[in-house]
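Tertiary structure, described
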Amino acid sequence: MALVAITMIQPLRNSMKKRKVVFFGLTSDLQNRTISTGVSKTELNIHNDSIETIKTLCKRGLLNEALQILHLMDHCVNSSSYQCILHGCIEKRALPEGKITHAHMNMNGFVLDKFLLNTLVDMYAKCGSLKDARKVFDEMPERTIFSWTMMIGAYSRHGLAEEALELYNQMLSTGMKPDGFIFATVLRACSQLSALEQGKEMHEEIIKRGFDCDVVVGNALVVMYAKCGNLEKALDVFNRVWQPNAVSWTAMIGGYAESGLVDQAFEFFRKMQAAGVKPDSKTFASVIPACSSLVAIDQGLEIHKEVIKIGIEYDIFVGSALVDMYAKCGRLEDARYVFDKMPQRNVISWTAMIAGYAQNECAAEALWLYHEMRLAGVNPDKKTFACVLSACASMSALQQGIEIHDEVIKREFHGDVIISSALVDMYAKCGRISKARDIFNKMSHRDVVSWNAMIAAYSRDGPFEEALTLFYKMKQSGIQPNHSTFASALSSCAKLAALEQGMAIHEEISRTELKLNSFVENALVDMYAKCGSIEKALDLFERMHERNVVSWNVMIRGYAVHGCGKEALELFERMQQSGINPNHVTLLCVLSACCYAGLVKEGQQYFYSMSQRYNILPTVEHYSCMIDLLGRAGHLDEAEDFINKMPITADANMWQGSLEACRMH
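Everything numeric in this text was worked out from a predicted model, so none of it was measured.

As enumerated under the stated definition, the model contains 17 aromatic pairs in all. Summarising the aromatic geometry, the rings of F137 and W148 are spaced 5.0 Å apart at their centres and angled 80 degrees between planes, so their arrangement reads as edge-to-face. In this pair, F137 sits in helix 8 (residues 130-139) while W148 sits in helix 9 (residues 145-157), placing the two residues 11 residues apart along the sequence. Judged by centre distance (5.1 Å) and plane angle (80 degrees), the ring pair of F440 and W451 falls under edge-to-face. In this pair, F440 sits in helix 26 (residues 433-442) while W451 sits in helix 27 (residues 448-461), placing the two residues 11 residues apart along the sequence. W451 matches F440 in its accessibility class, with the two residues each being buried. Three or more aromatic residues joined by ring pairs make a cluster, and in this case those are F238, W249, Y256 and F268. Across the ring face of F137, the terminal group of R143 is positioned such that the distance to the ring centre comes to 4.6 Å. When the ring centre of F339 is taken as origin, the NZ or CZ atom of R345, which lies over that ring, is 4.3 Å away.

Following this line, the structure appears as structure tokens:
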């Protein structure tokens, strides 16, 4: 490319000289840039040849060489030359060269050319300098509808939807009438904010102004309604669009997928193909999330085969969606295979894989991958930080959590509600309740996740009264409790043996439209059992539609603490007959039941069959329970012999239990 440039500029080389040119309005480092200029103007070919040379150089990406010729033209330059170079800067995302061109325009009096100024706004925006774009926009002596569209679109593209809507309102206040392009641009901002009401108002204005038949506007309306979750209206608009394009089809597919309507998403995807509209990478990236559950994994595999056939399997959008799908289905090996094969990865790709590890109890792998992500030079976004903080919470990795908190502050994300909630959860699970509460108290806005994180912390570690206090404060603030909230509140009632409060919460759950899940049902059974109402606990247990291992454990433990050993063992047998495999907690509950009821023989049988029959290795808690069982029954010699033969070293609690047994007998 350099050889081509030299050949093109060679006729100008004979009397080359160097002179320093100061471009006003630039930063000091750019002001001091030197451009080599070859010859006097008389040695240039005709003016049009110079413009053609600039165009050719810009097309080939040789912006510095184009700038050399631009300077040689001096006062002979015209707007066409500037347009060529500015468009070249846009294509190459060359901000420094764009600033030099802007300065040259200032020197030659082109600052009043509205067409050039529009291109300048576009150049600065697409090169990532919104501040400069807005400065040029604000200083424009005359703004056309195109000027407003460029600036509003720039804000929307950069995720600054609120600023986009604010600027649109400012445009209306000037008396400027929006056209189809501006409507489409502003509707995109409404989509980003899920601003359904503003979108509806704009739809009414679009109908009044007769743009509802415009294909571009119609497609934008479909996207807006779909992104805002109003799929019925989105479908209505879609059916009215004369020629829906891939964007409209993709919006509908994505809307159904995000709403969990898997069948509708697939139906629309197949209709799109039947209509002869070719799905692009973004279409596939929209339909793949619909397969992010074990129920739809077969359809996901089918889609994966299709993207392989058309060769976009490792497209950055498609690849990221596949990683996310496999991770959410628990197929981490498949997710990692796709991730490793991707030639390019962005923050979405990395975050999908990190989230997969964090959500599948592979916290160490999540933290390690985050470290690799930083080494790769990829900056984390809010979702990344939330996932990594969750991994720190799972591992009680306080020091790493603190380091990530520092990064969050540097990136100025600490005011975000999702990040703040993750920080509350991390500090609480790492034993720093006071720090968690401090962050919680400083939050300007709290959602149900924030409240749940703090209530769960107190419910888990105490003081349990504070968990209930926060539960009531949450409701007073207008936030409706969800399954997690109720489960934490019931857990606190159980630990406080606060039956009346537990019953009141149960009544509240019955009054809400919240559908009971096993999480809340287990908490209710546990609360009634621990509060002494074993009959009510059993009644709820028997009426459960689905019982998981936790459900059985809770009820067996309830019988155990009430001294109903035989009932606990009978329930344990029922559990196995129902096809539920016991875990280490189940066996601990069974041994506790034997301990409280003095069933030594049965307890010994269950203990010694743990590894052989249930493939569960006894833990410290199981050994302690056996020592307690033997001690309570007065089998002191046997208890001492058991301690001496244990494969683990007896801790202080075990010896204390033996001594108490000696005092009792």
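Past the structure itself, the notes keep going.
Next up on the list: the layout of surface pockets. Estimates place the volume of the largest pocket at around 2000 Å³. What lines the largest pocket is a set of 48 residues, and nearest its centre among them are K227, E258, K282, S286 and F317. Of all the secondary structure elements, the ones that give two or more residues to the lining of the largest pocket are helix 7 (114-126), helix 9, helix 11 (180-193), helix 13 (215-227), helix 15 (246-258), helix 17 (281-287), helix 19 (316-328) and helix 21 (347-359). Top contributing element to the lining of the largest pocket by residue count: helix 15, with eight residues. Classifying every residue of the lining of the largest pocket by side-chain character gives 21 nonpolar, 14 polar and 13 charged. Estimates place the volume of the second largest pocket at around 450 Å³. Lining the second largest pocket are 17 residues, and of these A487, S488, S491, F519 and A523 sit closest to its centre. For the lining of the second largest pocket, the secondary structure elements donating two or more residues are helix 27, helix 29 (483-496), helix 31 (518-530) and helix 33 (549-561). Class assignment for the residues of the lining of the second largest pocket results in seven nonpolar, six polar and four charged.

Rules of the game
Residues numbered from 1 in each chain as written. Predicted model: local features only at pLDDT ≥ 70, side-chain atom pairs only at ≥ 80, totals over all residues. Heavy atoms only, no water. Phe/Tyr/Trp six-rings, centres within 6.5 Å; stacked < 30°, edge-to-face > 60°. Helix = DSSP H or I, 4+ residues; strand = E, 2+ residues; numbered from the N terminus. Buried < 20%, exposed > 50% of the residue type's maximum accessible area, 1.4 Å probe, protein only. Lys NZ or Arg CZ within 6 Å of the ring centre and 35° of its normal. 1 Å grid on protein atoms, 1.4 Å probe; cavity = no way out; pocket = protein on both sides within 12 Å on 5 of 7 lines; lining within 4 Å. Points joined across faces, edges and corners; volume = space filled by probe spheres on them. Nonpolar A, V, L, I, M, F, W, Y, C, P; charged D, E, K, R; others polar.

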